[in-house]
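A look at the structure
Now for the letters of each chain:
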Amino acid sequence: AMRKLAKLTAYDGVLTTQSENATTQIDKYKADLETLQTRMTALLARYQAQFAAMDSMVGESNSTRASLKSTFDGMANAYKA
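Residues numbered from 1 in each chain as written. Predicted model: local features only at pLDDT ≥ 70, side-chain atom pairs only at ≥ 80, totals over all residues. Heavy atoms only, no water.

1. As for the pattern of salt bridges
Per the stated rule, a full pass over the model turns up two salt bridges. Across the pair Asp73 and Lys69 runs a salt bridge whose closest N-O atoms are separated by 2.9 Å. In this pair, Asp73 and Lys69 are both assigned in helix α2 (residues 14-80), four residues apart and thus about one turn of the helix distant. The class of Asp73 is partly exposed, set by a relative accessible area of 35%. (Salt bridge = Lys/Arg side-chain N within 4 Å of Asp/Glu carboxyl O. Helix = DSSP H or I, 4+ residues; strand = E, 2+ residues; numbered from the N terminus. Buried < 20%, exposed > 50% of the residue type's maximum accessible area, 1.4 Å probe, protein only.)

Have a look at this one:
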């Protein structure tokens, strides 16, 4: 039993190897998460810029609509007189 335990816990034993493999995998997951976080941050910035541009365009369209309505109303009133 002691020999098996010594073999399992040895420098090149199963437990040490599995622990090292797990640590390596954790490091890989951390790197993957950092990459994903960078991508998500860039995507969020892109969507925010697109939304701001769209919001600005909608504002300009509403302004143009109000201006045209006012002009057409004025023209219609001129013809009523």
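Now that the structure has been shown, we can carry on.
2. Description of the packing of helix α1 (residues 2-9) against α2
Two elements in contact, α1 and α2, have axes separated by 4 Å at closest approach and are oriented at 25°. In this view, α1 runs roughly parallel relative to α2, as classed from their interaxial angle. For the pair formed by α1 and α2, the contact residues are Lys7, Leu8 and Thr9 on the first element and Val14, Leu15 and Thr16 on the second. (Axes fitted to C-alpha atoms, helices over the stretch in contact; angles between N-to-C directions. Parallel < 35°, antiparallel > 145°, perpendicular 65-115°, else oblique. Contact = heavy atoms within 4.5 Å.)

3. Focus on the environment of Ala45
Looking at the element boundaries, Ala45 is found in helix α2. Overall, the relative accessible area of 43% leaves Ala45 in the partly exposed class. Put simply, Ala45 and Ser63 are 18 residues apart on the chain and 27 Å apart in space, counted from C-alpha to C-alpha.

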